[in-house]
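Structural characterization, general
For reference, the chains in residue letters:
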Amino acid sequence: MKRWVLAILAATMVSAHSIDAQEAVAPDPRIEATIQSQIDAFLQDDLARAFTFASPMIQSLFGTPENFGLMVRRGYPMVWRPEDVRFGALREVDGALWQTVILRDAGGATHVLGYEMVLQDGEWRIAGVRILPQPDVAA
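Only a predicted model underlies this, so the values are computations on that prediction, with no experimental measurement involved.

This part takes up the environment of Glu 123. Tracing the backbone shows Glu 123 in strand β5 (residues 123–132). As for Glu 123 and Arg 30, which are separated by 93 residues in sequence, their C-alpha atoms are 8.3 Å apart.

Even without a glycine there, the phi angle at Asp 94 is positive, about 50 degrees. Classification of Asp 94 as exposed rests on a relative accessible area of 68%. Backbone geometry places Asp 121, a non-glycine residue, at a positive phi of 50 degrees. Relative to the assigned elements, Asp 121 resides in the loop between β4 (110–120) and β5. Taking relative accessible area as the criterion, Asp 121 reaches 74% and is therefore assigned exposed.

It is worth spelling out the environment of Phe 68 at this point. Here Phe 68 is to be found in helix α5 (residues 65–75). Residue Phe 68 is classed as buried on the basis of its relative accessible area, which comes to 5%. Between the C-alpha atoms of Phe 68 and Leu 47, which are 21 residues apart in sequence, the distance is 7.8 Å. Each residue touching Phe 68, except ones within four places of it in the same chain, is listed here: Gln 38, Phe 42, Ala 50, Phe 51, Ala 54, Ile 58 and Phe 62.

In this model, the largest pocket occupies a volume close to 180 Å³. At the level of secondary structure, the elements contributing two or more residues to the lining of the largest pocket comprise α2 (29–43), α4 (56–62), α5 and β5. Of the residues that constitute the lining of the largest pocket, the class distribution is 12 nonpolar, 2 polar and no charged.

Attention now moves to the side chain of Gln 38. Locating Gln 38 in the fold gives a position in helix α2. Assessed through its relative accessible area of 4%, Gln 38 is described here as buried. The contacts of Gln 38, once residues within four sequence positions are left out, are Ala 50, Phe 53, Ala 54, Phe 68, Tyr 115 and Ile 126.

This part takes up the pattern of salt bridges. Counted under the stated rule, the structure contains 3 salt bridges. Arg 30 serves as the salt-bridge partner of Asp 28, at 3.8 Å between the closest nitrogen and oxygen. For Asp 28, a relative accessible area of 17% translates into the label buried. The exposure class assigned to Arg 30 is partly exposed, which follows from its relative accessible area of 46%. As a salt-bridge pair, Arg 86 and Asp 84 come within 2.9 Å of each other at their nearest N and O atoms. Relative accessible area serves as the criterion here: at 31%, Arg 86 is assigned to the partly exposed category.

Let us look at the pairing of strand β2 (residues 84–93). In terms of strand pairing, β2 meets strand β3 (residues 96–104) through 8 bridges, oriented antiparallel. Each bridged residue has a counterpart across the sheet, and for Arg 91 the counterpart in β3 is Trp 98. The hairpin formed by β2 and β3 contains 2 residues between the paired strands, and Asp 94 there has a positive phi angle of roughly 50 degrees.

About the criteria used
Residues numbered from 1 in each chain as written. Predicted model: local features only at pLDDT ≥ 70, side-chain atom pairs only at ≥ 80, totals over all residues. Heavy atoms only, no water. Helix = DSSP H or I, 4+ residues; strand = E, 2+ residues; numbered from the N terminus. Buried < 20%, exposed > 50% of the residue type's maximum accessible area, 1.4 Å probe, protein only. Contact = heavy atoms within 4.5 Å. 1 Å grid on protein atoms, 1.4 Å probe; cavity = no way out; pocket = protein on both sides within 12 Å on 5 of 7 lines; lining within 4 Å. Points joined across faces, edges and corners; volume = space filled by probe spheres on them. Nonpolar A, V, L, I, M, F, W, Y, C, P; charged D, E, K, R; others polar. Salt bridge = Lys/Arg side-chain N within 4 Å of Asp/Glu carboxyl O. Pairing = 2+ DSSP bridges.

So, in structure tokens, the structure goes:
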């Protein structure tokens, strides 16, 4: 539990200092639901469904759900099979919304990610994900 509190604190600090000119905004349950739904689809190996939560730009970049799934498995294993998912701050950065997500992987390691979100035809879609650096936090 103490590790999770420290991880959430670290995620808040990282998201607050990792990108210039940002402003915290009120949480949006629809954004969190989109991200959680994609993660749930990965956990069920439902690549076609997971692909639907990606923005049109991401879909055109990868072309198929299988290519997209391969990229996630190789580049973001903590997203592919997380043990736990928590949501941190939602921030506006240069007009874009970034949702902080704190994941614990199967090995117990904590990862902080930033999800760039775009509104497409009235639905939130994931336009990109980046792994954020974590500050050194003593337990």
